[in-house]
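Here's the letter readout for the chains.
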Number of protein chains: 2
Amino acid sequence: MCRTQEIKFSSHSTALNHQASAMANTKLGPVLKDELDIVIPTIRNLDFLEMWRPFFQPYHLIIVQDGDPSKTIRVPDGFDYELYNRMDINRILGPKASCISFKDSACRCFGYLISKKKYIFTIDDDCFVAKDPSGKEINALEQHIKNVLTPSTPFFFNTLYDPFREGADFVRGYPFTLREGVPTAVSHGLWLNIPDYDAPTQLVKPLERNTRYVNAVLTVPKGTLFPMCGMNLAFNRELIGPAMYFGLMGNGQPIGRYDDMWAGWCMKVICDHLGFGVKTGLPYIWHSKASNPFTNLKKEYKGIFWQEQIIPFFQTVTLPKHCDTVQKCYIELSKLVRENLSSVDEYFVKLADAMLTWIEAWNELNPSGEEATELSKVVSE
Amino acid sequence: MCRTQEIKFSSHSTALNHQASAMANTKLGPVLKDELDIVIPTIRNLDFLEMWRPFFQPYHLIIVQDGDPSKTIRVPDGFDYELYNRMDINRILGPKASCISFKDSACRCFGYLISKKKYIFTIDDDCFVAKDPSGKEINALEQHIKNVLTPSTPFFFNTLYDPFREGADFVRGYPFTLREGVPTAVSHGLWLNIPDYDAPTQLVKPLERNTRYVNAVLTVPKGTLFPMCGMNLAFNRELIGPAMYFGLMGNGQPIGRYDDMWAGWCMKVICDHLGFGVKTGLPYIWHSKASNPFTNLKKEYKGIFWQEQIIPFFQTVTLPKHCDTVQKCYIELSKLVRENLSSVDEYFVKLADAMLTWIEAWNELNPSGEEATELSKVVSE
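Residues numbered from 1 in each chain as written. Chains lettered and ligands numbered in written order. Predicted model: local features only at pLDDT ≥ 70, side-chain atom pairs only at ≥ 80, totals over all residues. Heavy atoms only, no water.

Examining the pattern of salt bridges
Just so we agree on the cut-off: Salt bridges are identified by distance alone: a Lys or Arg side-chain nitrogen within 4 Å of an Asp or Glu carboxyl oxygen. A run of DSSP states H or I qualifies as a helix once it reaches four residues; a run of E qualifies as a strand once it reaches two. Both are numbered from the N-terminal end. In this scheme, a residue with accessible area under 20% of its type's maximum is buried, one over 50% is exposed, and one in between is partly exposed, where area comes from a 1.4 Å probe on protein chains only.
Under the counting rule described, the total for this entry stands at 38 salt bridges over all chains. Across the salt bridge formed by K279 of chain B and D162 of chain B, the nearest N and O atoms sit 3.2 Å from each other. Of this pair, K279 of chain B sits in strand 9 (residues 277-287) while D162 of chain B is found in the loop between helix 5 (140-149) and strand 6 (184-193), placing the two residues 117 residues apart along the sequence. You can call K279 of chain B buried: its relative accessible area is 1%. Here the salt bridges share partners, and the residues they tie into one network are D169 of chain A together with K205 and E208 of chain B.

Some points on the UniProt feature "site: Required for activity" (unreviewed entry) in chain A
Short version of the rule: UniProt positions are given in the numbering used here, feature names are shortened, and annotations may be inferred rather than shown by experiment. Should any heavy atoms of two residues lie within 4.5 Å, those residues are counted as being in contact. Pairs of N or O atoms within 3.5 Å make up the polar contacts considered here, provided that, within protein, one atom can donate a hydrogen while the other can accept it, and that residues adjacent in sequence are counted only when both atoms are side-chain atoms.
Taking the UniProt record as the reference, the feature "site: Required for activity" (unreviewed entry) is found at R172 and R179 of chain A. By secondary structure assignment, the location of R172 of chain A is in the loop between helix 5 (140-149) and strand 6 (184-193). In this structure, R172 of chain A is in contact with D196, Y197, D198, P227, C229, R257, D260, M261 and E300 of chain B, ignoring residues within four places of it in sequence. Separated by 2.8 Å, the side chain of R172 of chain A and the backbone oxygen of R257 of chain B make a polar contact. Along the chain, R179 of chain A falls in the loop between helix 5 and strand 6. Using a relative accessible area of 6% as the deciding quantity, one classes R179 of chain A as buried. Here the side chain of R179 of chain A touches Y174 of chain A through a polar contact of 2.6 Å, landing on its backbone oxygen.

Looking at the interface of chain B and chain A
Note the cut-off: Here the buried area means the combined drop in accessible surface, using a 1.4 Å probe, for two parts upon being joined, counting both sides.
Between chain B and chain A, the contact holds 61 residues from the first and 60 residues from the second. For the pairing of chain B and chain A, the buried interface totals around 5100 Å² over both sides, and the portion due to carbon and sulfur atoms is 57%. Looking only at chain B, the three residues that lose the most surface to chain A are F157, R172 and R212 of chain B, adding up to 17% of its buried area. Linking chain B with chain A are 8 salt bridges. The residue D196 of chain A makes a salt bridge to R172 of chain B at a minimum N-O spacing of 2.9 Å. Scanning the region where chain B abuts chain A turns up 26 residue pairs in polar contact (both at pLDDT 80 or more). Those elements that place two or more of their residues in the side of chain B that touches chain A are helix 1 (13-25), strand 6, helix 6 (199-204), helix 8 (259-274), strand 9 and helix 9 (293-316) of chain B. Counting residues per element, the side of chain B that touches chain A draws most heavily on helix 9 of chain B, at 6 residues.

A short note on a nonpolar patch on the surface
All names here are of chain A. Counted only if it meets this: Put simply, a patch holds well-exposed residues, over 30% relative accessible area, that have no salt bridge, with like charges counted together within 9 Å and Val, Leu, Ile, Met, Phe, Trp or Tyr side chains within 5 Å. What sets the accessible areas is the Shrake-Rupley method with a 1.4 Å probe; for residues, cover comes only from the shown protein chains.
A cluster of nonpolar side chains, namely L203, V204, F294, L297, Y301 and F305, defines an oily patch on the protein surface of about 610 Å² accessible area. Looking at the nonpolar patch, the elements with two or more residues in it are helix 6 (199-204) and helix 9 (293-316). Looking at the nonpolar patch, the element that brings in the most residues is helix 9, giving 4 residues. Checked against the element boundaries, V204 lands in helix 6. On the basis of relative accessibility, which here comes to 61%, the residue V204 falls in the exposed class.

Examining unusual backbone geometry
The peptide bond linking L282 of chain A to P283 of chain A adopts the cis configuration, its omega dihedral lying at 5 degrees. Take P283 of chain A: it is sitting in strand 9 (residues 277-287). Residues other than glycine seldom take positive phi values, yet L32 of chain B does so here, at roughly 60 degrees. In this structure L32 of chain B comes out as buried when scored by relative accessible area, which is 1%. Phi is positive for R257 of chain B, which is not a glycine, with a value near 60 degrees. With respect to the secondary-structure elements, R257 of chain B resides in the loop between helix 7 (237-240) and helix 8.

Describing the nonpolar core
Test applied: Among buried residues, those of type Ala, Val, Leu, Ile, Met, Phe, Trp, Tyr and Cys that are joined through side-chain atoms within 4.5 Å constitute a nonpolar core.
Counting residues in each nonpolar core, the largest one holds 254 residues, and the members touching the most others are I240 and W262 of chain A together with I240 and W262 of chain B. Those residues within four positions of W262 of chain B in sequence are excluded, and the remaining contacts are Y245, G247, I310, F314, Y330, V337, L341, F348, L351 and M355 of chain B.

So, the environment of D80 of chain A
All names here are of chain A. Among the secondary structure elements, D80 is positioned in strand 3 (residues 80-84). For D80, a relative accessible area of 42% puts it in the partly exposed group. Sequence separation of D80 and Y258 is 178 residues, and the distance between their C-alpha atoms is 30 Å. Among all residues touching D80, those that are not within four sequence positions of it are Y59, H60 and L61. Engagement of the side chain of D80 in a polar contact is seen with the side chain of H60, the distance being 2.9 Å.

Description of the pairing of strand 6 of chain A
Residues and elements named next belong to chain A. Rules: Note: two strands are recorded as paired if DSSP finds a minimum of 2 bridges between them.
Judged by how many residues are buried, strand 6 sits mostly within the fold: 10 of 10 residues are covered. As paired strands, strand 6 and strand 9 are joined by 9 bridges and run parallel to one another. Looking at the pairing, T184 lines up with G277 of strand 9. The sheet contact formed by strand 6 and strand 8 (residues 232-236) spans 3 bridges and is antiparallel. Opposite S187, over in strand 8, you have A234 as the bridge partner.

Pasting the structure below:
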């Protein structure tokens, strides 16, 4: 399966760079227009899209309406979208809808499930267009596309950051056999203005704003975990989609605001196992408003002490060799979660069950999903 | 042993930040003035120091003269320095002088050996003061000092980079038990203008210049190797000094331009074992002139294929628990080099011997060195 807009991974970074950059700017139209869905979880009218119109309008939106399904969400004119509320989710998934969270932005992963595209970009509705230090508006989506279309370098750290960006390369001492890199599964973008702090840090530093524009993209090294934020995130759904489950959060659950963290831990362990890369850094969005730290503390507090045990678990977990698809890895991981984290709290038994339900739902809605992510195919592309 | 200018590692990053930043700017005088030596390897007059005068003049310089010892190196007036040529090195080390390279910038490590200070900053004589994007001259030394005086975070990646910089912190999902960080052993700075490329990349991209100022400092995660460049480098000599051996390069050796790489691999493995941190990123210096790619290729070509076996060795090497000082780690590493790399080339037997000689020389010139780096002392400081 080879699509026209697909880039072959080549050892010649300059060629790749030029190719990606040309693709993002030529008259061929918006890059990956027919291969990328923008997923937005929301409970309100989507006026924030007005600011994104020049960048998002050519793309298809999947809006996941959280909370009261009888409420009408207004979407600005001219956008191409489909919208799912809780009743839609229940209708489409039947009993398997139990794996999709309610009253938590974790519900966004329903959008990943229902999409049929190769790439996903997901963004929160309180995120606006940021400006770079020259005052130019940042096309976050374009940067994410560059990130996912160029390889990652998880096996050795390049001190000049992403060697596939224009004007950069591998530095002296970088092994030549590692310069092809590996396919990029995830591109994690950052936030100017309101940083993504936990409730305790919000409480302690209510006025801190992120004003530092760091002009870098880098690969998170193999074996290193990081806190993945779901606010401004893109990924290759064909490569890693089934691992992007945002867990059981919010209504009826003992925890919230750990949906993206959970997905990040699971995804990173699986990417490391399958040889995919994860990038973080550019693009920035403008995060407009800090959420209420008291509400956040209530949602987070169990996660704050649970994570002290969960993270060591993910840091040491190893997946067996026979797990050669994302689905197989994820099912294995759910077993290991049940075995190793149920002593932390019985919630993790429920979560391990939900992880299996998620995979069943994924396979049902993406019947060729299992095949499509087979490594042999990825490699032969 | 607690010195007045020493910072206690604390879990409160803001306090630390303010302390470090206050230290760098108050009327107390230049920070670490009596605790830091600047080591410069050279074969020419040190006119480049004129540009660094506002920043370096308060500090003591150790100049290691490479090449013809009868040549006089001119040092601009007003600098406080000591200078060692090859005859001095032979006189001071006797037969152990064999471990110090000749006609290669690897000779700089003699300066680390002879210094009695806690911190070292080393810089090449073709490196000038760079400017930040606002046009302000960058005090590279001040930034290195900030880097080594604040903790590192090797166990988990912080997406907003160094959490100890002003205006930054740990993001949501960062484990609270890891927020104290660990002592920083090494600060690796970068280069604007001429990037640190190997000969093949220099040949392929003769006109590429690094113009991207990335406003970040970050910890190289535990378990991840990186190509350490010796051009613009600072370290805590008490913590990691004995591991900063720049190997056998240049005259009489089959290889050159791998001195800093060698030190970087050894140092990183030992830092990971002992729980010290390594930072890379800011500060930038202005690297003025690309060295001759043809000469470089001649020096490098063996390294270019050797590194394909050396790096996997360092990526998988583990040091036994009883190695609880840098010296013990380094002696163990020399054994492992002999066992595992002698099949690559007999050069590595000679190098393993030189590693032992280096440690003997270190202990001779730093009689309390073994004690001073004992972990128990580091921890109790």
